[in-house]
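Descriptive analysis of the structure
As a plain string of letters, each chain reads:
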Amino acid sequence: MRMTKKLIVILMMCFIVFSAVSISAQNRKGAVTLNPQIGGYMFEGNQNIKTTVTYGLGIGYNFDENWAAEGNFNYIDSSSVSPSGEDVKAYVYRLDGLYHFMPDSKFVPYLAAGIGAITIDGGIDGNGSDPLFNYGAGIKYFIAKNLALRGDVRHIITDDPTNNLIYTAGLTYLIGGEEKQ
């Protein structure tokens, strides 16, 4: 929780500093994106795993101003809700497609969907990996030409089926790409 508060303070300071600067923000065709993130992961109740913090990193590519693909990895360090409180580590791997609305503005909402896998080590059910499907939405708010604040929420569905939720905040850094004149 302490790390989350620090991240929020840093993001607010960046917002204040860069919001006064006139920028030409846009989601650019051909840009590679780096997306560090922190958030929360909520496991379905029958999994007997506590909701906890997740740390992640995404790497993406913008095919054009609207369409992008992104690979994401999230690490989750939790424990079971049983009296023993056994340690549980989870790893989420996703490949997502994103559709950006209003790509030429500072405020860029998007929809996302994709496939991947979750690996859980420990807990009542033991170890294992399951394929997953996810969908959700998010926003990017550009605070500089190549930097945007980002918020995202996803519904994670595995083949068990379980219904989990991941919500993250972070940054999107654009590298390269074609700038509109």
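Residues numbered from 1 in each chain as written. Predicted model: local features only at pLDDT ≥ 70, side-chain atom pairs only at ≥ 80, totals over all residues. Heavy atoms only, no water.

With respect to the secondary-structure elements, Pro103 resides in the loop between β4 (87-100) and β5 (107-122). For Pro103, a relative accessible area of 12% gives the class buried. For Pro103 and Asp64, which are 39 residues apart along the polypeptide, the C-alpha to C-alpha distance reads 9.5 Å. Beyond its immediate chain neighbours, meaning those up to four positions away, Pro103 contacts Gln26, Asn27, Glu65, Asn66 and Val108. (Helix = DSSP H or I, 4+ residues; strand = E, 2+ residues; numbered from the N terminus. Buried < 20%, exposed > 50% of the residue type's maximum accessible area, 1.4 Å probe, protein only. Contact = heavy atoms within 4.5 Å.)

Here we take up the packing of aromatic side chains. This structure, assessed with the given rule, holds eight aromatic pairs. The ring of Tyr110 has Lys140 lying over it, and the distance from NZ or CZ to the ring centre is 5.5 Å. (Phe/Tyr/Trp six-rings, centres within 6.5 Å; stacked < 30°, edge-to-face > 60°. Lys NZ or Arg CZ within 6 Å of the ring centre and 35° of its normal.)

On to unusual backbone geometry. Positive phi outside glycine occurs at Asn48, with the angle close to 55°. By the element assignment, Asn48 lies in the loop between β1 (32-42) and β2 (52-62). Here Met102, not a glycine, exhibits a phi torsion of approximately 50°, which is positive. Considering the arrangement of structural elements, one finds Met102 in the loop between β4 and β5.

Further remarks concern the pattern of salt bridges. Counted under the stated rule, the structure contains six salt bridges. Across the salt bridge formed by Arg150 and Asp152, the nearest N and O atoms sit 3.7 Å from each other. No difference in accessibility class separates Arg150 from Asp152, as the two residues are buried. Taken together, the shared-partner salt bridges connect Glu70, Arg94, Asp96, Arg150, Asp152 and Arg154 into one network. (Salt bridge = Lys/Arg side-chain N within 4 Å of Asp/Glu carboxyl O.)

What follows is about a nonpolar patch on the surface. A cluster of nonpolar residues, Val32, Leu34, Leu57, Ile59, Tyr61, Phe63, Trp67, Tyr173 and Ile175, forms a patch on the protein surface that exposes about 840 Å² of accessible area. Those elements giving two or more residues to the nonpolar patch turn out to be β1, β2 and β8 (163-175). If one sorts the elements of the nonpolar patch by residue count, β2 sits on top with three residues. Relative to the elements of secondary structure, Tyr173 occurs in strand β8. (Patch = residues over 30% accessible without salt bridge, like charges linked within 9 Å, V, L, I, M, F, W, Y side chains within 5 Å. Areas by Shrake-Rupley, 256 points an atom, 1.4 Å probe, with all protein chains shown as cover.)

Here the focus is the pairing of strand β6 (residues 128-144). Where β5 lies against β6, 14 bridges are found, and the strand directions are antiparallel. Residue pairing for β6: Ala112 is matched across the bridge by Gly136. Where β6 meets strand β7 (residues 147-158), twelve bridges bridge the pair, whose relative direction is antiparallel. Looking at β7, one finds that Ala137 is bridged to Val153. The turn joining β6 and β7, which pair antiparallel and follow one another in sequence, is formed by two residues. (Pairing = 2+ DSSP bridges.)

Attention now goes to the sheet that holds β1. Spatially, eight strands are ordered β1-β2-β3-β4-β5-β6-β7-β8 in a closed barrel, and the strand pairing comes out antiparallel. With strand direction ignored, the average angle separating the axes of adjacent strands in the sheet is 25°. (Axes fitted to C-alpha atoms, helices over the stretch in contact; angles between N-to-C directions.)

Grouped together as the largest cluster of nonpolar side chains are twelve residues: Tyr41, Phe43, Ile49, Ile76, Val88, Ala90, Val92, Ile118, Ile120, Leu132, Ile156 and Ile166. Every element with two or more residues in this core is listed here: β4 and β5. When residues of this core are assigned to their parent elements, the largest contribution, three residues, is made by β4. Leave out the neighbours within four places in its chain, and Ile49 touches Phe43, Ser78, Ser79, Ser80, Val81, Val88 and Ile120. With five residues, the next largest nonpolar core counts Ala31, Val108, Phe142 and Ala148 among its residues. (Core = buried A, V, L, I, M, F, W, Y, C linked by side-chain atoms within 4.5 Å.)

Looking at the secondary structure, you find Lys140 in strand β6. On a C-alpha basis, the gap between Lys140 and Gly170 in space is 9.4 Å, while along the polypeptide they are 30 residues apart. Those residues in contact with Lys140, other than ones at most four positions away along the chain, are Asn27, Leu98, His100, Lys106, Phe107, Val108, Tyr110, Ala148, Leu149, Arg150 and Thr172.

As far as function goes, none of this settles anything; it's purely spatial.
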